[in-house]
Amino acid sequence: MDLEDDTTILTTLKSFNSFISRPEHPQRLSEHSAGSGILQSQYKRSMELLEAAERVHSKNRYLQLDQEKKQMELSHKRARFELERAASDSARDLEHEVDRNQELLGQIKKLEERAEEVNKKLTEQKEANDALQKNLEGLNKTLEERDDKLGTANQTIRSLKDEIRELRQKIQNQDSKMSAQTLENQELQEKIDLQQRKYQEVSQLCQSLQAAQSSCSDHIIKIKELERRLVFQEQDFAIVKTVKSEVARVPDLEKELKRLRDDNAYLRESRENCSLLKEEVEGLRKKLERMEKTKEELINMELEKEVKVWARSQSELRAELTQQHSKTLEEQKKREAQDALVRRLQKRVLLLTKERDGMRAILESYDSELAPTEYSPQLSKRLREAEDILLKTQSHNAEMEVCLQACINILFFFALLNSVCACIFFLRQKIEDLERERQRLEEQNNILEMRLERHNLQGDYDPVKTRVLHLKMNPTAIAKQERQQEVEALRQEVTRLRDLVRSLQSGGAVGHSQDDTHNPSFSLSLAPSKEVLDLRKQMESSELRNQRLKEVFQRKIQEFRTVCYVLTGYQIDITTENQYRLTSVYAEHMDDSLLFKKGSNGSMQLMETEFSKTLGEMVALHLHHQKSIPAFLSAVTLDLFSRQTTV
Amino acid sequence: MTSTLKGITLKGSAELVAEFFSFGINSILYQRGIYPPETFTRVTHYDLSLLLTTDPKLKSYLTNVVSQLKEWLFECTVQKLVLVITCLETNEVLERWQFDIECDKSAKESSAPREKSIKTIQHEIRSVIRQITATVTFLPLLETPCAFDLLVYTDKDLVVPDKWEESGPQTIDQPEEVRLHSFTTSIHKVNSMVAYKKTESA
């Protein structure tokens, strides 16, 4: 409420102030204007209003202050209340605090006691700490020692590790060697298998050979048997022949018989002396008996021999070969003996026949002499007996001849046996030689097969059965081609570079003027010479530019100089550095000239010349006095011009 | 496909062997550094991490050779495949990887597939490829720039196809030879070996 009143009061004040101020403004503005009475009234009014305002204002202030005072009192009360509360609180707090303080003091005491104890403990601990530190130092030392030991141990470990690594590498090497060796082993085993197979084949071949040999021997035995049979057959054939011959001889014998019978008849007719005949006959008989015995003995021997021969088996032949040989020799001897006997017997037969003829002659003589009838039966008997004996002898003869033939056959047989044995021996030797040859050939075969296999391993092949193929476009061929091409390209580049170097060396000595002539060849041979060409072009263009500039400059200078000459009347030439010679257009003589020198400070100074000596006045006036070179020069020009025109 | 459980046919065997050669040749080229290692990319095959080239010219060359080889394997007319590494400067052969192929020709007449598990074959191929990688330990370094070539030994009566020509055997003189493992698909048997020029021991 008060505040609202305040605000209304304030707003009224403001409006009042504003109202006052408005008339003040016009007052200020129209300071010099008339109407002072109005003004005074206005002024009074305003003063009254002011006073009213002040009063209102003061009232307002008073109210405000009242309010404030009230507020203050309230606040004071509140504050006092609060303060009392606070005081009570603080008193309580104080009591609390005091209690707490006492407690804390007690605690402090306890803590102090504890602190003392703790201090004691601290000291003890410190002592213990010192001891421990000493221990620590000792332990540190031991630690260091142990570290050193560890270090050494580490080194040993490292060295051992290196050793281990080396050993592992060795093991690996050994493993690889082992694997290689196992590979070799396998290879060798396979070879061994091959060899074993070959051995088996060879043994089979041997067995077959042996079988063949046995069959061969069987065949040989068969051959022998067949030959023996052949021999027997030949013997039989021979026997048959003899029998035939005998048979052929039979009619002759019959004829003889007839003749003998006729002789007997003739003898019967005549009778002769008995005693002589008997004695002779007895003698003949004895002789005959002896002959018979020997013949029987011979026959028995031969028969025994034959029996011995025919009784032997085939398998004992080889063993008895030598015996047979000796026996054959004996037999030969016996044969010879028998031949001799036969001859003897034949001779005896001849003798007998002769005796018989003699007897016949005697008988004939007896017959012629006597007429014997007494003797005839005995004689005839004896004759018959004699004839029988004769027949017997003849048959014995024949038998002997047969035996002889048999003997000869036996001998042939023995000879055949010998030859067969020799053949067998010879065949055996041949077999042994062939065996040896076969073994040798087998060994050679093995060696060749080994070599062939080795070559097969290395990649050789039999062109009759095998062919080696590869693709035409294979990597090796392609690589070789590329290499060739590279080499070729490199060679070409090398020749090109050599030519370039040579030309560069010769081109550099000549000079730039020949650059154009060389340029085309350079541009042909070198690709990077483009830069050089560009640079040259640039150079040429810049040179041209330079030349043109020079020409232009010269022209311009010339123009400028002529213009200067024409306009100023002086030709300015630079003779030496900083020296300028001026020649007037109206000069009387050619060498009338003025010489100016540029000083170090930039000012121009006239130098002494012959011509300048004649212009002493003008020099003094214009240069010394007026200090103006253009005036001097123009004066000179005018002077010369006037001289010229007058003259 | 050959990877059926039924067995290996001639065609399947030819494919397996051709595939082995493709991977094997790539491995050799990477190991011996004939081509820079950054031109190879890793693939997984045979349960191994293998490298194949990304160079397009090389790829097309290998594809040509391997496809022709597959045909020849099917006809059983190929005897050997040889990878020859030549030094470009001196033109001499430094290494020779030789793969002998034995083909069972009776598989041509009878078309019955043979009993052999793919796993076994892959295991055998794996061991060969691992050995090829292991050869790095003993093969001499190839210090000069080298190029390679693939030679095929075929029967004499074969018709030479377009783009193929005859060549020499390109053997090394006085080589060191090392035999590697072999593998067989029961129709084709591949024996591997490497021959290299003996380095002059300093």
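Calculation criteria
Positions within a chain are numbered from 1, following the residues in the order the chain's sequence is written. Whichever chain is written first becomes A and whichever ligand is written first becomes 1, with later ones labelled in order. Reporting in this predicted model follows two pLDDT cut-offs: at least 70 for local features of residues, and 80 or more for side-chain atom pairs to be given and counted; totals over whole chains, interfaces and linings ignore these cut-offs and use all residues. To get the side-chain values, all heavy atoms of the structure are used, and hydrogens and water are removed first. UniProt positions are given in the numbering used here, feature names are shortened, and annotations may be inferred rather than shown by experiment. Helix and strand assignments come from DSSP, with helices taken as H or I runs of at least 4 residues and strands as E runs of at least 2, each series counted from the N terminus. Here's how the labels work: a residue is buried when its accessible area is under 20% of the maximum for its type, exposed when over 50%, partly exposed in between, all with a 1.4 Å probe on protein chains only. The contact criterion used is simple: two residues touch if any of their non-hydrogen atoms lie within 4.5 Å. Per-residue accessibility takes into account occlusion by the displayed protein chains alone, with areas from the Shrake-Rupley method and a 1.4 Å probe. One requirement defines pairing of two strands: DSSP has to find at least two bridges between them. Here the axes come from fitting lines to C-alpha atoms, over the contacting stretch only for helices, and the angles between their N-to-C directions go from 0 to 180 degrees. Only residues above 30% relative accessible area that lack a salt bridge enter a patch, with like-charged residues linked at up to 9 Å and the nonpolar side chains Val, Leu, Ile, Met, Phe, Trp and Tyr linked at up to 5 Å. One side-chain nitrogen of Lys or Arg within 4 Å of one carboxyl oxygen of Asp or Glu is enough to make a salt bridge. Expected span of a helix: the number of residues minus one, times 1.5 Å. Each direction from the helix axis to a C-beta atom contributes to the arc, which is the arc of those directions. Within 3.5 Å is the distance limit for a polar contact, defined as a pair of N or O atoms, with the added protein rule that one can donate a hydrogen and the other accept it, and that residues adjacent in sequence qualify only through two side-chain atoms. Accessible area that two parts lose when put together, with a 1.4 Å probe and added across both, is what the buried area reports. Residue classes follow a fixed rule: Ala, Val, Leu, Ile, Met, Phe, Trp, Tyr, Cys and Pro count as nonpolar, while Asp, Glu, Lys and Arg count as charged, and any other residue, Gly among them, counts as polar. Between 65 and 115 degrees an angle is taken as roughly perpendicular, under 35 as roughly parallel, over 145 as roughly antiparallel, and anywhere else as oblique. Crossings are sorted by hand: turned counterclockwise from the far helix by less than a right angle, the near helix makes the crossing left-handed, and turned clockwise it makes it right-handed. In plain words, nonpolar cores are sets of buried Ala, Val, Leu, Ile, Met, Phe, Trp, Tyr and Cys residues tied together by side-chain atoms within 4.5 Å. Put simply, two rings from Phe, Tyr or Trp (the six-membered ring, in Trp's case) pair if the centres are within 6.5 Å, and we call them stacked under 30 degrees between planes, edge-to-face over 60, tilted for the rest. Two conditions define a charge located above a ring, namely a distance within 6 Å from the ring centre to NZ of Lys or CZ of Arg, and an angle within 35 degrees of the ring normal.

Per an unreviewed UniProt entry, chain B goes by the name Mitotic spindle assembly checkpoint protein MAD2A and belongs to Astatotilapia calliptera. Here chain B is described in UniProt, under the heading Sequence similarities (unreviewed entry), as follows: "Belongs to the MAD2 family."

Going by what an unreviewed UniProt entry lists, chain A is known as Mitotic spindle assembly checkpoint protein MAD1 and is assigned to Astatotilapia calliptera. According to the UniProt record, the Sequence similarities (unreviewed entry) comment for chain A is "Belongs to the MAD1 family."

(A) A look at the overall build of chain A. For chain A, the helix and strand inventory stands at 11 helices and five strands. Put simply, chain A has 647 residues, and 19% of those count as buried. Contacts in chain A between residues far apart in sequence, at least 24 positions, make up 63% of those at least 6 positions apart. With the model as given, the accessible surface of chain A reaches about 49800 Å², and the carbon-plus-sulfur share is 56%.

(B) View of the overall build of chain B. In terms of helices and strands, chain B carries four helices and eight strands. Starting at the N terminus and walking to the C terminus, you meet the elements of chain B as α-β-β-α-β-β-α-α-β-β-β-β. Looking at chain B residue by residue over its 202 residues, the buried ones come to 50%. Put simply, of all contacts in chain B between residues at least 6 apart along the chain, 71% involve residues at least 24 apart. Counting every atom, chain B has about 9700 Å² of accessible surface; 51% of that belongs to carbon and sulfur.

(C) Region of interest: the sheet that holds strand 4 (residues 594-598) of chain A. All names here are of chain A. Pairing within the open sheet is antiparallel, and its four strands lie in the order 2-3-4-5. Edge positions in the sheet fall to strand 2 (570-574) and strand 5 (604-607), since each has one partner strand and no second. For this sheet the average axis-to-axis angle between neighbouring strands, irrespective of direction, equals 30°. Two strands pair when backbone bridges link them, and strand 4 and strand 5 are joined in this way by four bridges, in the antiparallel orientation. The partner of K597 across the bridge, within strand 5, is Q605. Here helix 8 (residues 529-568) sits on the sheet in contact with strand 2 and strand 3 (579-584), set at roughly 140° to strand 2.

(D) Inspection of a nonpolar patch on the surface at higher detail. On the surface, a nonpolar cluster with roughly 260 Å² of combined accessible area is contributed by Y43(A), M47(A) and L50(A). Here L50(A) lies in helix 2 (residues 36-269).

(E) Focus on helix 2 (residues 56-75) of chain B. All names here are of chain B. The end-to-end C-alpha distance of helix 2 is 29 Å, a good match for the 28 Å that 20 residues give at a rise of 1.5 Å each. Within helix 2 the residues assigned to the buried category are L58, Y61, L62, V65, V66, Q68, L69, W72 and L73. The buried residues of helix 2 all sit within an arc of 165° when viewed along its axis, so they share a single face. Opposite the buried face of helix 2, by more than 90 degrees, sit the exposed residues P56 and T63. With a side-chain oxygen positioned 3.1 Å from the backbone nitrogen of K57, the residue opening helix 2 is D55. Positive backbone phi, at 60°, marks C76, one or two positions downstream of helix 2.

(F) Summary view of the interface of chain B and chain A. Counting residues at the interface gives 43 residues for chain B and 29 residues for chain A. Between chain B and chain A, a total of about 3400 Å² is buried, with carbon and sulfur atoms accounting for 55% of that surface. If you sort the residues of chain B by the area they bury against chain A, K156(B), E165(B) and R179(B) come out on top, with a joint share of 19%. Joining chain B to chain A, the criterion identifies one salt bridge. Residue R467(A) pairs with E166(B) through a salt bridge whose shortest N-O separation is 3.6 Å. Mapped onto the side of chain B that touches chain A, the elements with two or more residues apiece are helix 2, strand 3 (78-87), strand 4 (93-103), strand 5 (146-155), strand 6 (164-166) and strand 7 (175-184) of chain B. Here the element with the most residues in the side of chain B that touches chain A is strand 5 of chain B; it accounts for nine residues. For the side of chain B that touches chain A, a count of residues per class yields 20 nonpolar, 12 polar and 11 charged. As paired strands, strand 1 (residues 466-471) of chain A and strand 6 of chain B are joined by three bridges and run antiparallel to one another. Pairing of L469(A) across the sheet is with E166(B), part of strand 6 of chain B.

(G) Quick peek at the packing of helix 10 (residues 616-625) of chain A against helix 11 (residues 629-646) of chain A. All names here are of chain A. One way to put it is that helix 10 packs onto helix 11 with a least axis distance of 8 Å and a crossing angle of 150°. By the angle between their directions, the pair helix 10 and helix 11 is classed as roughly antiparallel. Crossing hand, helix 10 versus helix 11: right-handed. In contact with M618, V619, H622 and L623 of helix 10, helix 11 contributes I629, A631, F632, A635, V636 and D639. By residue class, the composition of the contact of helix 10 with helix 11 is eight nonpolar, one polar and one charged.

(H) View of the pattern of salt bridges. Residues and elements named next belong to chain A. Within this structure, the stated rule accounts for 27 salt bridges over all chains. Two residues, R438 and E435, come together in a salt bridge whose shortest N-O distance is 3.2 Å. With R438 and E435 both in helix 5 (residues 375-458) and three residues apart, this pair spans about one turn of that helix. The class of R438 is buried, set by a relative accessible area of 17%. Taking the shortest distance from any N to any O, the salt bridge between E588 and R643 comes out at 3.5 Å.

(I) The arrangement of the nonpolar core in detail. One finds F20(B), F21(B), W97(B) and F148(B) to be the most contacted residues of the largest nonpolar core, which totals 59 residues. In terms of residue count, the dominant contributor to this core is helix 1 (residues 10-31) of chain B (10 residues). Discounting chain neighbours no more than four positions away, the residues touching W97(B) are I28(B), R32(B), L81(B), V82(B), L83(B), I85(B), I132(B), T135(B), L139(B), L180(B), M193(B) and V194(B). Membership of the second largest hydrophobic core comes to 14 residues, among which are L594(A), F596(A), L615(A) and F632(A).

(J) Looking closely at the packing of aromatic side chains. Residues and elements named next belong to chain B. Counted by the stated rule, this structure contains 12 aromatic pairs over all chains. When the ring of F20 is compared with that of F183, the centres are 4.8 Å apart and the planes differ by 70°; the resulting orientation is edge-to-face. With a gap of 163 residues between them, F20 in helix 1 and F183 in strand 7 connect regions that are remote in the sequence. Among the residues examined, F183 registers a relative accessible area of 1% and is labelled buried. Measuring from centroid to centroid gives 5.2 Å for W72 and W164, while their planes differ by 70°, and the two rings are edge-to-face. Here the residue W72 occupies a position in helix 2, and W164 occupies one in strand 6, the gap between them amounting to 92 residues. Residues W72 and W164 agree in their burial class; the two are buried. Three or more aromatic residues link up through ring pairs in this structure, and these residues are F20, F21, F99 and F183. Lying across the ring of Y153, K80 places its NZ or CZ 5.7 Å from the centre.

(K) Quick look at unusual backbone geometry. Positive phi, close to 55°, is recorded for K627(A), a residue that is not glycine. Summarising the element assignment, K627(A) is placed in the loop between helix 10 and helix 11. Relative accessible area serves as the criterion here: at 70%, K627(A) is assigned to the exposed category. One non-glycine residue with positive phi stands out, namely Q174(B), at about 55°. Residue position: Q174(B) is located in the loop between strand 6 and strand 7. You can call Q174(B) exposed: its relative accessible area is 62%.

(L) Region of the structure containing the pairing of strand 2 (residues 48-53) of chain B. Residue and element names in this part refer to chain B. The pairing of strand 1 (residues 40-45) with strand 2 spans six bridges and is classified as antiparallel. Looking at strand 2, one finds that H45 is bridged to L48. In this antiparallel pair of consecutive strands, strand 1 and strand 2, the connection spans two residues, and Y46 shows a positive phi of 55°.

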